[in-house]
Amino acid sequence: MLTVGLALCSALANAASSVLQRRAAAVHAPAEHGGAGGMLRGLLRLLRRPDWLAGVGLLMLSAVLQGWALGVGSLSLVQPLLATELLFTLLVGSLVFRRPPDRRTWTAFVALAAGLAVFLLSAAPRPGRADATSRAWLMAGGVACCVVVLLVLAARTVRGAARAVLFGLGSAVSFATTAALLKETVGQLRFGPGVMFSHWSPYATAAVGLAAFLLLQSALGAGSLAASQPALTLGDALTSVALGWALFEESVQLGLRIVPEIIGIALIGAGSIGLANAPSVRRGWDTPGERDGRHRRMRHE
């Protein structure tokens, strides 16, 4: 129960972080940046926004809770539970943006979350090793790095929602890798702080986590939260299952269970299509309204 509670609290904190950071990015950096200079200027502007800083604080809290959960539970249990972030995002976003999504948007989000839950519950990932071998890390890490690079390169060729989705997927793979590295780091802690800090995993966790954070900012600034958040949450959970298998020898159930697994995947696809066509998403559910624009102009005058 402790693992479940910590994972759910981490999901809630991460959802609130995404909503606040998206609000700040939409108000202060709605345009798409070009090059490292544009990204740096955008980050400097965001540093002056309390809501963006609050979002960063919540992201750090989410990471602490996630690390705690991974310390007492398995990657195969913790990461799927973080799929509840989708529903938390919808609830928190409705309060922050003061624009309750319509019924079709609710249905799409529920279908996405339910589909992922059905898939993961049917697959029933089983815990494996407490830590991974160096060879497994080299192979899995290399594949994850290549996937992220390809997603980022593809994102630079498109605009709008497609760009947000691709950056969201890149961030998802990076966050899933960060979670696996965090589990490795927490596992080293059982031998003492000295052993943990002499191991490579804490520093790799920080480096990959920073890359995931920067990709998240690109995803939030590129398009609607409704486009980036499902890609981020679902991609994180599914990538974590794959990394759990590749690194920690965690297994998933097949056989007759493949039927509900396929149903879960179908629900995820239907939810994605429904979300893309939902009226509230097209009207910019999570973008600043006219009143926000007037207030911003008055502050600058």
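Rules behind the numbers
- Residues numbered from 1 in each chain as written.
- Predicted model: local features only at pLDDT ≥ 70, side-chain atom pairs only at ≥ 80, totals over all residues.
- Heavy atoms only, no water.
- Helix = DSSP H or I, 4+ residues; strand = E, 2+ residues; numbered from the N terminus.
- Buried < 20%, exposed > 50% of the residue type's maximum accessible area, 1.4 Å probe, protein only.
- Contact = heavy atoms within 4.5 Å.
- Areas by Shrake-Rupley, 256 points an atom, 1.4 Å probe, with all protein chains shown as cover.
- Core = buried A, V, L, I, M, F, W, Y, C linked by side-chain atoms within 4.5 Å.
- Expected span 1.5 Å × (residues − 1).
- Arc of directions from axis to C-beta.
- Patch = residues over 30% accessible without salt bridge, like charges linked within 9 Å, V, L, I, M, F, W, Y side chains within 5 Å.
- Salt bridge = Lys/Arg side-chain N within 4 Å of Asp/Glu carboxyl O.

Q: Could you clarify how one ought to interpret the overall build of the protein in this entry?
A: A tally of helices and strands in the protein yields 14 helices and 0 strands. In the protein, the order of α-helices and β-strands from amino to carboxyl end is α-α-α-α-α-α-α-α-α-α-α-α-α-α. Looking at the protein residue by residue over its 301 residues, the buried ones come to 51%. Sequence-distant contacts, at least 24 apart, represent 83% of the contacts inside the protein between residues at least 6 apart. Surface exposure of the protein reaches about 14500 Å², of which carbon and sulfur atoms provide 70%.

Q: Looking at this structure, how should I read unusual backbone geometry?
A: Of note in this structure, Glu249 is not a glycine but carries a positive phi near 60 degrees. Tracing the chain through its elements places Glu249 in the loop between α11 (225–248) and α12 (258–276). Using a relative accessible area of 55% as the deciding quantity, one classes Glu249 as exposed.

Q: What is the right way to read the environment of Gly271 from this model?
A: Locating Gly271 in the fold gives a position in helix α12. Judged by its relative accessible area of 1%, Gly271 is buried. For Gly271 and Ala114, which are 157 residues apart along the polypeptide, the C-alpha to C-alpha distance reads 9.3 Å. Filtering out sequence-adjacent residues up to four positions away, Gly271 remains in contact with Ala108, Ala111 and Leu112.

Q: Is there a simple way to think about the nonpolar core in this case?
A: Here is a general trend for soluble globular proteins: nonpolar side chains tend to be buried in one another's company. Counting 21 residues, the largest nonpolar core has Leu70, Leu75, Trp137, Ala180, Leu243, Leu247 and Phe248 as the members making the most contacts within it. If you list the elements that add at least two residues to this core, you get α1 (2–28), α3 (50–72), α4 (75–81), α7 (134–155), α8 (161–189) and α11. With 5 residues, the top contributor of residues to this core is α8. Ignoring sequence-local partners within four residues, the contact set of Ala180 consists of Leu75, Trp137, Leu243, Leu247 and Phe248. In this structure, Leu86, Leu116, Phe119 and Leu120 belong to the second largest nonpolar core, which totals 13 residues.

Q: What's the story with α7 in this structure? I'm lost.
A: The α-helix advances 3.6 residues per turn, and as a result positions three or four apart in sequence lie on the same side. Taking 1.5 Å of rise per residue, 22 residues should cover 32 Å, and α7 covers 31 Å from first to last C-alpha, within 8% of that figure. For α7, the set of buried residues is Ala136, Trp137, Ala140, Ala144, Val148, Leu151 and Ala155. Along the axis of α7, the buried positions cluster into a sector of 90 degrees, meaning they face one direction only. Exposed and oriented more than 90 degrees from the buried face of α7 are Ser134, Arg135, Leu138, Met139, Val143, Leu150 and Leu153.

Q: Help me understand a nonpolar patch on the surface in this model?
A: Taken together, the side chains of Ile258, Val259, Ile262, Ile263 and Leu267 make up a nonpolar region of the molecular surface, amounting to roughly 420 Å² of accessible area. Secondary-structure assignment places Ile263 in helix α12. Given a relative accessible area of 47%, Ile263 falls into the partly exposed group.

Q: Got a minute to help me understand the side chain of Thr3 in this structure?
A: Assignment of secondary structure puts Thr3 in helix α1. Residue classification places Thr3 among the buried residues on the basis of a relative accessible area of 10%. Among all residues touching Thr3, those that are not within four sequence positions of it are Ala69, Val72, Gly73, Leu77 and Val78.

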